[in-house]
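So you can see what is in the structure, the chains are spelled out below.
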Amino acid sequence: MGHAAVLIVLLPLVGFLAILFNGKGISERATGVVGTAAVGLSFVATVTTFVLYLRHEGQVTVNLFTWLNVDTLHVPVALLIDPLALTMCLFVTGISTLIHLYSTAYMAGEKDFRKFFLYLNLFVFSMLLLVLANNLVLTFVGWEGVGVCSYWLVSYYFTKESAASAGKKAFIYNRVGDLGLLSAMFLLFTHLHTLTYVGVFQGASTLSPTMATLIVLSLLVAAAGKSAQIPLFNWLPDAMEGPTPVSALIHAATMVTAGVFLLVRMSPVLTLSADGRHVIAIIGGLTAFVAATIATAQKDIKKVLAFSTVSQIGYMVLAVGIGDYTAAIFLMVAHAFFKALLFLGSGSVIHSLHGEQDMRKMGGLAKFLPLTFPTFLLGWLTISGVPPFAGFWAKGAILSSAYSANKLLYALALLTAVLTAYYMTRLFVLTFRGEQRFAASMTDAPHESPWAMTLPLVVLAVLSVFGGVLDLPWMHAHTMATFVSGSIVSVTPLAAQSAGLQITLAVVDACAALLGLAAAFTLWRGRSERPGLELSFFEHVWRWDDAYDAVIGRPLTTVATVAGSVVEDQVIDGAVMGLAQTVTRSSVGLRKIQTGFVRHYALAMFFGLALIVVYLVARVG
Amino acid sequence: MNVPAAWYLVLAAALFGIGAFGFLTRRSAIIMFMCVELMLNAVNLTFVTFSRTLSDVGGQISVFFVMVVAAAEVTVGLGIVVAVFRRRASTSVDELTEMKG
């Protein structure tokens, strides 16, 4: 099993190196095949590991080599194979394979085709390292790896000003999050003298409550940065400047869930701090709601999906906060299916319209896209939470836990569910229904995408529809929850709900979804714009960027300007120039001593010697 | 006949004084050289004197060093003087002020 596990991580790295060192000579086709095969084989290795693991119990550590060994700090390069890591690996490699395949067609003819696959393979490697690492330091390596790949891929079209600054924005927001992860690591190491997960979990109970809260809040900052939660969420919509497969893979299905993964991974520490978990739940609930409101007013198809991603991750964070870790993972997996599907579907739409992303210029695409349309339809129904698709079960699990934990958060989450159904229906109607509004800008009719793009859509649609069976509530086993809970130290379990309550809650969820659906259908049928419903406040992300600009951006610019004109010009330059001038002036004075007459020098020597002699005589005598 | 050491020292001091005075007052480079030699030999004389009175041969060895260095110095110095004389037809050091600050 160990060998298979090593292969999971190694294969994408091999793919990355193969593309890196194969020069620019190889064809696009060969690059695509190598990149896709590397990740595909990694998926096969994951499945093998999974099957072999089913016969094991608990956690298996695969030690590779020692990386750092300084005093009490021992950092091995080792993999931790447990249910959580395997679940993550399965959907990461699986969806990566599909998206690699999709990219071979979507990116065909791009100038930097080879570079795209290079980054994509490196990303998958980093993500798997993050997930499989057995200690926080190695996780941090993967954490930074996915961050930098995200930066490269967001600013993939770096000649575009907006793409270049979106990349920078993503990078800087993530740095703030990294600070959280680093301080969590520092705090843990100071108190427990180990950074391996097993060691931290064993020693966690010795942490004082205050320290545990501090660590949990640091972890929350890390998760907020990576997973785009309040207050660090507004980099994700800008990250849509990257190519659509990147949005689907990195900014929807995998990387942005790393923050949630980290929180779930650290569940033994989270258990110790009820206050910390409250904050997590509130942040998650608020993010879910705020992002959903913003999504209702966006005009760019990818922006809607981006805010929808933020909102869905908000649900996951909420689930972590109220202690239902397995529900968070369940939604993470289901979300990976349907959000990848939606993004790839939107990519197919954009592809068919030659790069048009504005929903006002779409409409009536259903009959032109015979495969994209039905798959997108299924993705839409899934994310809206219509039974019996995966989204309904995953969101339902979180909503019913929220009901037991906190009625206020439940109300917020339910409202978000209505909004989710509403904005997704709006997107669907604007894109596929109504009249065709693209004619003016198009020379030929929209065309369906090649098979390499539609095949992943079909696979993901099937997964979205049937993904719910992973964890059906009435099945005695609670299949996935039971499996994943092997790597989780749970808080006191939430109060058990009677069957009647469960069914009532499920019906309420379904009604919420249908309410949103119906509202959007009534309001948006035959319309492309409704200024009254697209509040400028929502469209401009609750003025969040403006607030940051006013509070951080502009004051810092002022400080920089002052530093540039006053500190630099007067203090630093003043000191340097002043010193130089002092030397120059004193030299001008001292030059006069050099008369050029040997006699003067000799006289000076004579008096000097005389002084020395007088001194010596005085001292001796 | 045994001359007291003090006399040698007085003679050496007188020679050194004459040399120093000459060095400071004369302008001809040749004469200044001669004055330098005078001062060096005055010092040599004190070395030898103390070597005798203290029965320490180190003083006399120092004298050899001084003589060798003086010979070398004169060689180089006179070479420079000859070169300067060829260009200016004068050995007055007061005219050589190009290097002043």
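Residues numbered from 1 in each chain as written. Chains lettered and ligands numbered in written order. Predicted model: local features only at pLDDT ≥ 70, side-chain atom pairs only at ≥ 80, totals over all residues.

## Thoughts on the overall build of chain B
Counting its secondary structure elements, chain B contains 3 helices and 0 strands. When the helices and strands of chain B are placed in sequence order, the string is α-α-α. Taking the principal axes of the C-alpha coordinates as reference, chain B spans close to 50 × 30 × 25 Å. Of all 101 residues assigned to chain B, the portion counted as buried reaches 12%. Long-range pairs, those at least 24 residues apart, make up 46% of the contacts in chain B between residues at least 6 apart in sequence. (Helix = DSSP H or I, 4+ residues; strand = E, 2+ residues; numbered from the N terminus. Buried ≥ 20, exposed ≤ 12 C-beta atoms within 10 Å, placed from the backbone. Contact = placed C-beta atoms within 7 Å.)

## With respect to the environment of A:F65
Residue and element names in this part refer to chain A. Mapped onto the elements, F65 comes out in strand β1 (residues 60-70). The exposure class assigned to F65 is exposed, which follows from the 7 C-beta atoms found within 10 Å. On a C-alpha basis, the gap between F65 and S218 in space is 29 Å, while along the polypeptide they are 153 residues apart.

## Describing the interface of chain B and chain A
Taken residue by residue, the interface counts 9 residues in chain B and 12 residues in chain A. Class assignment of the residues belonging to the side of chain B that touches chain A gives a composition of 5 nonpolar, 2 polar and 2 charged. (Nonpolar A, V, L, I, M, F, W, Y, C, P; charged D, E, K, R; others polar.)

## Description of the pairing of β1(A)
Residues and elements named next belong to chain A. Of all 11 residues making up β1, only 0 are buried, and the element is barely covered by its neighbours. With 9 bridges joining them, β1 and strand β2 (residues 73-81) adopt antiparallel strand pairing. Bridge pairing in β2 links V62 to L79. (Pairing = 2+ DSSP bridges.)

## Points about helix α1 (residues 5-25) of chain B
Here α1(B) spans 30 Å end to end across 21 residues, near enough to the 30 Å set by a 1.5 Å rise per residue. On its buried side, α1(B) packs onto α24 (598-620) of chain A together with α2 (29-54) of chain B. (Expected span 1.5 Å × (residues − 1).)

## A closer look at helix α16 (residues 372-384) of chain A
Residues and elements named next belong to chain A. Given a rise of 1.5 Å per residue, 13 residues ought to cover 18 Å, and the 18 Å separating the end C-alpha atoms of α16 matches this to within 8%. Counting buried positions along α16 yields 10 of 13 residues, so the element is predominantly enclosed. Taken together, the buried positions of α16 are occupied by T372, T375, F376, L378, G379, W380, L381, T382, I383 and S384. Of the surrounding elements, those touching the buried residues of α16 are α14 (301-321), α15 (325-352), α17 (390-405), α18 (407-432), α19 (451-466) and α21 (499-524). Just downstream of α16, G385 is the residue with a positive phi angle, here 85°.

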